[in-house]
Amino acid sequence: MKLFLDSADPKEIASAVATGLVDGVTTNPSLAAKTGMKLTDALRAICEMVPGSVSAEVTATDADAMIAEGKHLAKIASNITVKVPLTWDGLRACKALSGEGHTVNVTLCFSPNQALLAAKAGATFISPFIGRLDDIGADGMELIREIRLIYDNYNFATEILAASIRHPMHVREAALAGADVCTLPPALFKQLAHHPLTDKGLAAFLEDWKKTGQSIL
Ligand code: E4P
């Protein structure tokens, strides 16, 4: 499973990228607003740091304007993926942009039928929002499982990008359900490597090693 960062903040992204484990980035208008930066500047900086897909979301709501914005965003860097919302206009824009060779992420997916339409429109990624479904008492992870089954039934190449991820259990469950990608807030990305037994075990190893008076180098 690929790991993307869910952030539009180049500084925040830089420290996670240093691990060598970041496969891509997803941004959205709310994340972009938080940075206080000009969107194109932030995206350019992120694309220079991250070789993989960097999703940049359109803000127009009609298909023609989405297509124009998408083409404009795609000029920022070769690894920009145009992100469009899962509306009829978004699906039309997806079909047009993917038909012209752009990679497209269809976002704000909350049902298997929406995901089916996105795949038929040629989406590179579909973004089901797990946390927001859990928030309203639905089972976000069940959506991932159903989309996986539908895409496998028909050999759709669209990658399932588990989004709106809130805690480590979401990451584990998304991986078990066969999501292709999981996009994580940077703080959660860092949290994934932590386990109290790892810290405790390492402290004991180092303490015992110190007693030997040796050094490896
Ligand atoms: C994904 O592309 C979205 O930017 C993101 O995962 C939304 O997450 P949220 O529900 O925590 O805002």
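Structural data are supplied above this passage.
Residues numbered from 1 in each chain as written. Predicted model: local features only at pLDDT ≥ 70, side-chain atom pairs only at ≥ 80, totals over all residues. Heavy atoms only, no water.

### Notes on unusual backbone geometry
At Asn155, a position not held by glycine, the phi torsion is positive, near 55°. Note on placement: Asn155 falls in the loop between helix H8 (140–153) and strand E7 (159–162). The exposure class of Asn155 is exposed, given its relative accessible area of 68%. Unlike most non-glycine residues, Ser164 shows phi in positive territory, near 55°. Residue classification places Ser164 among the buried residues on the basis of a relative accessible area of 9%. (Helix = DSSP H or I, 4+ residues; strand = E, 2+ residues; numbered from the N terminus. Buried < 20%, exposed > 50% of the residue type's maximum accessible area, 1.4 Å probe, protein only.)

### Some points on the site of the ligand
Taken together, Asp6, Thr26, Asn28, Lys83, Phe129, Arg132, Ala163, Ser164 and Arg166 are the residues near the ligand. Ser164 is positioned with one of its side-chain polar atoms (N or O) 2.7 Å from an oxygen atom of the ligand. In the complex, 85% of the free accessible area of the ligand, which totals 350 Å², lies under the protein chains. By residue class, the composition of the shell around the ligand is two nonpolar, three polar and four charged. (Near = heavy atom within 4 Å. Polar contact = N/O pair within 3.5 Å; in protein donor to acceptor, adjacent residues only side chain to side chain. Areas by Shrake-Rupley, 256 points an atom, 1.4 Å probe, with all protein chains shown as cover. Nonpolar A, V, L, I, M, F, W, Y, C, P; charged D, E, K, R; others polar.)

### Side note on the sheet that holds strand E2 (residues 24–26)
If you walk around this closed barrel you meet the eight strands as E1-E2-E3-E4-E5-E6-E7-E8, and the pairing is parallel. The average undirected angle you get between the axes of adjacent strands in this sheet is 30°. As judged from the two bridges shared by E7 and strand E8 (residues 181–184), these two strands associate in the parallel manner. Bridging from a neighbouring strand, Leu161 pairs with Val181 of E8. Running over the sheet, helix H3 (residues 39–49) touches E2, strand E3 (54–57) and strand E4 (80–85) and is turned about 165° from E3. (Pairing = 2+ DSSP bridges. Axes fitted to C-alpha atoms, helices over the stretch in contact; angles between N-to-C directions. Contact = heavy atoms within 4.5 Å.)

### Thoughts on the side chain of Asn79
Looking at the secondary structure, you find Asn79 in the loop between helix H4 (63–74) and E4. For Asn79, a relative accessible area of 13% puts it in the buried group. In contact with Asn79, not counting residues within four places along its chain, are Cys47, Val50, Pro51, Gly52, Ser53 and Val54.

### Let's talk about the nonpolar core
Core analysis: the largest hydrophobic core is formed by 56 residues, its most contacted members being Ile80, Val84, Val106 and Ile126. If one sorts the elements of this core by residue count, H8 sits on top with six residues. Leaving out residues up to four positions away in the same chain, Val106 has contacts with Val84, Pro85, Leu86, Cys94, Ala118, Ala123, Phe125, Ile126 and Ser127. Membership of the second largest hydrophobic core comes to six residues, among which are Phe125, Phe129, Ala163 and Val181. (Core = buried A, V, L, I, M, F, W, Y, C linked by side-chain atoms within 4.5 Å.)

### A short note on the side chain of Ser127
Mapped onto the elements, Ser127 comes out in strand E6 (residues 125–128). For Ser127, a relative accessible area of 1% gives the class buried. Among the polar contacts made by the side chain of Ser127, one reaches the side chain of Asn105 at a distance of 2.8 Å.

### Overview of H8
Compared with an ideal rise of 1.5 Å per residue, which puts 14 residues at 20 Å, H8 spans 21 Å between its outermost C-alpha atoms and is within 8% of the ideal. For H8, the set of buried residues is Gly140, Met141, Leu143, Ile144, Ile147, Arg148, Ile150 and Tyr151. The N-terminus of H8 is capped by Asp139, whose side-chain oxygen sits 3.2 Å from the backbone nitrogen of Met141. Phi for Asn155, located one or two positions after H8, is positive at around 55°. (Expected span 1.5 Å × (residues − 1).)

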